[in-house]
Amino acid sequence: MRAVKSHGRERIADIQKTRGEDWLEILSEVSRIANSTIELEPRLNSIVEVITRQTGANACSTLLIDEESGDLILRATKGLNPMSVNRVRLKVGEGITGWAAKERKPIALKNASSDPRFVYFPETEEEKFKSVLAVPILDKNDCIGVIYTQSVSERDYTENDIKLLLTIANQISGIIKNAQLYDKAIQRLRELSILYEVSMAMQTTVNLDRLLRIILSSITVGNVFGFNRAALFLTNERTNTLQGMMGLGPDSGDEAREIWSKIAEITDLSRWLISQGDVLLKRESNFDGFIKSIRIPINPENGILALTVLEGKSFNIKDARNDPRTNKELLDKYGVNSFVVVPIIARDHVLGVMTVDNIYTNKPITEEDVQSLVRFTSYAGLAIENAKIVTKLREANKEILSTQKRLIQSERLSALGELAAELAHEIKNPLVTIGGFARRLYEKSELNLEEKNYSHIIIKEVERLEKLLKDILNYSRDIKPNFSEYDINLLIENLLSLYERTFRDSGIEVKKELSKEVSHINIDQPQINQVLINIFYNAVESMIDNGGVMSVKTESLTGEEGVVIRISDTGGGIPVEILDNIFNPFFTTKKNGTGLGLSLSRKIVESHGGTIEIDNRIGEGATFIVNLPRRQKNQ
Ligand code: ADP
């Protein structure tokens, strides 16, 4: 007992002296460790160990200030429960170490637990310690952490003890600062490399939908952002609203785990984004449906999304439910209490906004994350702007081409119209004469069979020429409808009974479904007659070989007053390769066709303010849908 006691006394005496050579030894060991690796954690661990060993303390620990929260967090310890590392967290000013950080002064207590500033952290298992020496780690004038030693037996700390720990704190302050800068630089580098990869992927497309998918995939996948969900809204300048474009993210925690396990192995982000990445995430999600259904008028009363557009700055909403700026109805459906909204800006104007959240992991979104997101969206904004410009250019180009085509066509047609009118005058009279003589010849009884046959051919050919002439004249004539009120159902009934024989002879069954709801509308009756006859004839000709069914249906036009007429056949449909041409004048696939029926019909229907559409079912048949709106007389 005596020996031990005396040994203990000698040791205390040693420490109290803390001779110059001991200092040198400790400081050189600390400096060797300080320069050993780049990672901070192992260096701090070795340093607290050296201090414990060399100063006779029973424990030494380091707390560092977390930049985001400003709290002190236990980062390394020798002597306290190792499980408490990264778990013990205290405010600056709280407890003895918090006091040292706040006052930026050392504190030495022989009996710490009797001090009013003492706070006990059970997870550290520090109840056995009596004395504490804590010194702040200072970077210029800022406190960046605290280093402290503890002893089981009561201890009177000397000036020298305090000075030694202060010198060590001073020595490690630089390495801590550098390590933190290094971590930031690494993080920034990682962010830059992701930005590079994403911008590579973004350059591969000007298709807006695909681009938005790449943008949203980039921030929900990968270890830089890795947000649980992201959604994108674009402004509609015409209606001054924000329009939900796309939402990306799982609908449930289970789905989240399944998706994240699949994407965990992605190594080449840009290639993944360009290739199957979007396919993997392209499932129809409820979240996507919900986002697409959102329309928000852009004014300050409409919540945080509209506010982001108006103010052009980001918001990190931590408690959405109690935040007066959030739209509570939308929030309920969003299902999160904290999220971030950033504006998407291109060339000084706000194109839209992006929201991100961590609904499943509840990981807090830091200011640093928001800054990275802002940098990312400035790239994304430019890409979206470019895609929109390209889309506009394409549309304008298409419009120019089709106007040019229409112009050429109308010039050609008006020239053709004049020519046709002139020719008609020239040809009509001789044609009538030829037809008349041929008929008289045919009726002569003394003709032999061969002569009768020839004159019959002349009559038929003249009839065909007369029809062609009539079609050309009709087509080239300016179509100005002369409106009067008419019952469409009655018009159809009359036509069907007029051509009843033709249908019967061709083996065609006619089915009618004429709605009583259909009211009288203003039409040019002979012109609409002409349209229906053309469509009936085409239907008959499509079924000429095998017969079939022609259905005629009327119903009132939804949304506005008017009529829809549907004429369906079972003639096998229109071959896809000619579908684009059938409304072109003179396009025909028939031996005796003029190719003017449908183009004339369309001209007439359009002059009535209506449309003709086709529901083409290959192998079955075609349905021609004529929409005629209700119009005022001669409007
Ligand atoms: P024409 O009847 O003189 O050929 P149209 O302009 O009326 O001229 O029709 C153009 C072409 O459209 C037809 O030659 C035919 O190939 C196609 N077509 C029109 N209606 C139908 C239909 N109901 N079924 C299949 N093809 C059709």
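Please read these numbers as outputs of a predicted model, since none were measured by experiment.

The rules behind the values
- Residues numbered from 1 in each chain as written.
- Predicted model: local features only at pLDDT ≥ 70, side-chain atom pairs only at ≥ 80, totals over all residues.
- Heavy atoms only, no water.
- Near = heavy atom within 4 Å.
- Polar contact = N/O pair within 3.5 Å; in protein donor to acceptor, adjacent residues only side chain to side chain.
- Areas by Shrake-Rupley, 256 points an atom, 1.4 Å probe, with all protein chains shown as cover.
- Helix = DSSP H or I, 4+ residues; strand = E, 2+ residues; numbered from the N terminus.
- Nonpolar A, V, L, I, M, F, W, Y, C, P; charged D, E, K, R; others polar.
- Contact = heavy atoms within 4.5 Å.
- Disulfide = S-S within 2.5 Å.
- Buried < 20%, exposed > 50% of the residue type's maximum accessible area, 1.4 Å probe, protein only.
- Expected span 1.5 Å × (residues − 1).
- Pairing = 2+ DSSP bridges.
- Axes fitted to C-alpha atoms, helices over the stretch in contact; angles between N-to-C directions.

> Outline the site of the ligand, supporting the account with residue identities and numerical values.
Contacts to the ligand come from 18 residues, most closely from D569, T588, T589, K590 and L598. Between T588 and the ligand, the recorded distance is 2.6 Å, taken from a side-chain N or O atom to an oxygen atom. L598 is positioned with one of its backbone polar atoms (N or O) 2.9 Å from an oxygen atom of the ligand. Coverage of the ligand by the protein amounts to 92% of the 540 Å² it exposes when considered alone. Only α16 (525-542) and α18 (597-607) provide two or more residues apiece to the shell around the ligand. Residue classes in the shell around the ligand are distributed as seven nonpolar, nine polar and two charged.

> Mind laying out the side chain of T377, listing which residues take part and the relevant values?
By the secondary structure assignment, T377 is in helix α12 (residues 367-443). Beyond its immediate stretch of four places on either side in the chain, T377 contacts V342, P343, I344, I345 and M354.

> Please set out the state of the cysteines residue by residue, giving values where relevant.
Defined simply, a disulfide is a covalent bond joining two cysteines at their sulfur atoms. Tallied over the entire structure, the rule returns zero disulfides. With no disulfide partner, C60 has as its closest neighbouring cysteine sulfur the one in C143, 15 Å distant. Overall, the relative accessible area of 0% leaves C60 in the buried class. Owing to a relative accessible area of 14%, C143 belongs among the buried residues under this scheme.

> Go over helix α6 (residues 208-220) with me, naming the residues and quoting the values.
Look at α6: 18 Å from first C-alpha to last across 13 residues, which is about the 18 Å you get at 1.5 Å a residue. Taking burial as the measure, the 13 residues of α6 include 10 buried ones, the bulk of the element.

> Talk me through the sheet that holds strand β17 (residues 562-568); I want residue IDs and the actual numbers.
Strand order in the open sheet formed by five strands is β14-β16-β17-β19-β18, with mixed pairing between adjacent strands. Because the sheet does not close on itself, it has two edges, and the strands there are β14 (508-514) and β18 (611-617). With direction set aside, neighbouring strand axes in the sheet form an average angle of 15°. Strand direction decides the pairing type here: strand β16 (residues 548-556) and β17, joined by six bridges, are antiparallel.

> Describe the environment of H456, with residues and values.
Mapped onto the elements of the fold, H456 is located in helix α13 (residues 449-476). Here the alpha-carbon distance between H456 and V198, two residues 258 residues apart in the chain, equals 77 Å.

> Describe the pairing of strand β2 (residues 72-78), and please don't skip the residues or the numbers.
Burial analysis of β2 places five of its seven residues in the buried class, the great majority of the element. Where strand β1 (residues 59-65) meets β2, six bridges bridge the pair, whose relative direction is antiparallel. Bridged to T62 within β2 is A76. Here β1 folds back onto β2 in antiparallel fashion, the turn holding six residues, of which G70 has a positive phi close to 80°. By the bridge criterion, two bridges tie β2 to strand β3 (residues 89-90) in an arrangement that is antiparallel. Among the inter-strand pairings, L72 is bridged to a residue of β3, identified as L90.

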